[in-house]
Amino acid sequence: MLDRKKILDRFLTYVKIDTESDPNSQTTPSTEKQWTLAKRLAKELETIGLKDVSIDENAYVMGTLPSNVDHNVPAIGFISHFDTSPDFTAKNVSPQIVENYDGKDIILNKEKNIILSPNYFEDLLQYKGQTLITTDGTTLLGADDKAGVCEIVSAMEYLVQHPEIKHGPIKVGFTPDEEIGRGAHKFDVKNLELNGPTPWTEVKLESSNTRILMPPVQKLQSMEK
Ligand SMILES: [Zn+2]
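Residues numbered from 1 in each chain as written. Predicted model: local features only at pLDDT ≥ 70, side-chain atom pairs only at ≥ 80, totals over all residues.

Let's talk about the overall build of the protein chain
Applied cut-off: Put simply, DSSP H or I for four residues or longer makes a helix, DSSP E for two residues or longer makes a strand, and each gets a number counted from the N terminus. Backbone-placed C-beta atoms define the burial measure: a residue is buried with 20 or more other C-beta atoms within 10 Å of its own, exposed with 12 or fewer, and partly exposed in between. By definition, residue pairs are in contact when their C-beta atoms, positioned from the backbone, come within 7 Å.
Across its full length, the protein chain carries five helices and ten strands. A buried classification covers 29% of the 225 residues belonging to the protein chain. Sequence-distant contacts in the protein chain: of pairs separated by 6 or more residues, those separated by 24 or more amount to 73%.

Considerations on the nonpolar core
Applied cut-off: Nonpolar cores are built from buried Ala, Val, Leu, Ile, Met, Phe, Trp, Tyr and Cys residues. These are joined into a set through C-beta atoms within 7 Å.
Ala38, Leu41, Val61 and Val149 are the most contacted members of the largest nonpolar core, which has 30 residues in total. Of all the elements in the fold, those that place two or more residues in this core are α1 (4-15), α2 (34-48), β2 (61-65), β3 (76-81), α3 (143-161) and β8 (170-175). With six residues, the top contributor of residues to this core is α3.

Things to note about the pairing of strand β1 (residues 51-55)
Consecutive side chains of a regular strand alternate in pointing toward one face of the sheet and then the other. Worth spelling out the cut-off: When DSSP locates at least two bridges between a pair of strands, those strands are taken to pair.
Bridge count between β1 and β2: three bridges; the pairing is antiparallel. Paired with serine 54 across the bridge in β2 is methionine 62. What sits between β1 and β2 in their antiparallel hairpin is a turn of five residues, with alanine 59 showing a positive phi close to 75°.

Topic: α3
Here is the rule we go by: A helix's residues, less one, multiplied by 1.5 Å, set its expected span.
Over its 19 residues, α3 runs 26 Å from end to end, which matches the ideal 27 Å to within 8%, given 1.5 Å per residue. Looking only at α3, the buried set comprises Asp145, Lys146, Ala147, Gly148, Val149, Cys150, Glu151, Ile152, Val153, Met156 and Glu157. As for α3, its buried residues are in contact with α1, α2, β2, β3 and β8.

A closer look at α2
Quick note on the threshold: Taken from the helix axis, the directions to the C-beta atoms give the arc we talk about.
Under the 1.5 Å per step criterion, the end-to-end length of α2 is 21 Å for 15 residues, consistent within 8% with the ideal 21 Å. All buried positions along α2 are accounted for by Gln34, Leu37, Ala38, Leu41, Ala42, Glu44 and Leu45. Each buried residue of α2 lies within a common arc of 165° when the element is viewed along its axis, so the set occupies one face. Residues Glu46 and Thr47 are exposed on α2 and point more than 90 degrees away from its buried face. Once α2 finishes, glycine 49 follows within two positions and takes phi at roughly 105°, a positive value.

Notes on the environment of asparagine 109
On the secondary structure map, asparagine 109 appears in strand β5 (residues 106-109). Asparagine 109 sits in the partly exposed class, given 16 other C-beta atoms within 10 Å. Taking the C-alpha atoms as reference points, asparagine 109 and aspartate 136, separated by 27 residues in sequence, lie 5.4 Å from one another. Once residues within four sequence positions are removed from consideration, asparagine 109 is found in contact with Ile114, Asp136, Gly137 and Thr138.

Considerations on the confidence of the model for the protein chain
Note the cut-off: The predictor's confidence in any single residue is recorded as pLDDT, a number from 0 to 100.
Looking at the protein chain as a whole, its pLDDT mean stands at 88, while 85% of the residues score no less than 70. In this model, residues 217-225 is a region of pLDDT below 50 whose contacts with residues beyond four sequence positions or in other chains number eight contacts.

Focus on the packing of α2 against α3
Applied cut-off: To obtain an axis, a line is fitted to C-alpha atoms, over the contacting stretch when the element is a helix, and the angle between two such axes runs from 0 to 180 degrees between their N-to-C directions. Note on angle classes: values under 35 degrees are labelled roughly parallel, values over 145 roughly antiparallel, values of 65 to 115 roughly perpendicular, and the remainder oblique. The hand of a helix crossing depends on one turn: near helix anticlockwise from the far one by less than a right angle means left-handed, and clockwise means right-handed. Charged residues are taken to be Asp, Glu, Lys and Arg, nonpolar residues to be Ala, Val, Leu, Ile, Met, Phe, Trp, Tyr, Cys and Pro, and polar residues to be all remaining types, Gly included.
Contact geometry of α2 with α3 gives a least axis separation of 9 Å together with a crossing angle of 20°. Relative to α3, the element α2 lies roughly parallel. The chirality of how α2 crosses α3 is right-handed. Taking contact as the criterion, the partners of Leu41, Glu44 and Ile48 in α2 are, on α3, Val149, Val153, Met156, Glu157 and Val160. Of the residues contributing to the contact of α2 with α3, the split by class is six nonpolar, no polar and two charged.

Quick notes on the pairing of β8
Extensive coverage of β8 is indicated by the burial of six of its six residues. Burial along β8 is two-sided: the face carrying Ile170, Val172 and Phe174 and the face carrying Lys171, Gly173 and Thr175 are both buried. Here β2 pairs with β8 via five bridges, running antiparallel. Note that in β8 the partner of glycine 63 across the bridge is valine 172. Pairing between β3 and β8: six bridges, direction parallel. Bridge pairing links histidine 81 to threonine 175 in β8.

Here's what the structure looks like:
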């Protein structure tokens, strides 16, 4: 079983680190503060046991979970970005956890009278009975895409701890500056590739901005045992 508390703590740690990007900056990363989470992620990947962990001069973080089978399997990659949108501040994010959501209004901020209501956001009702994580109404949360970063790191940790689950080489990559349209600009694809040059296909997950890179189906089939 995945450790729910650990995943929650991990996510809350990420969102409390301000990584807002800046479209007016010419540097990569566009803001100096993105380095804080980038360095932390690199250290974390090493701690959980990934190999070839790297952080380049533009703050792109990569790591590898080596294959644990003895036949040839194409590599798969998981990518997410750690910056947050400059549309709204991410300073002093104060996450609030609503356990077992009852379907009523959620008071984000009593003082400022900020309410998250299903009268306005009907979709909220789909999450009745679930755990919700909100802000205090004065910042963005940064779930886009720190939720993706958290999912990927947690999945890799789980696979390291469960070698009975067989897999090919898995590469992970975390980028700065996606929110200002530059996340892919300096992405070192060569560094991500393990099995030689492959025309990767990008699959974007519906529920988040996490991207999965897949080798073409034909190659997958030809490499099957
Ligand atoms: Zn995003």
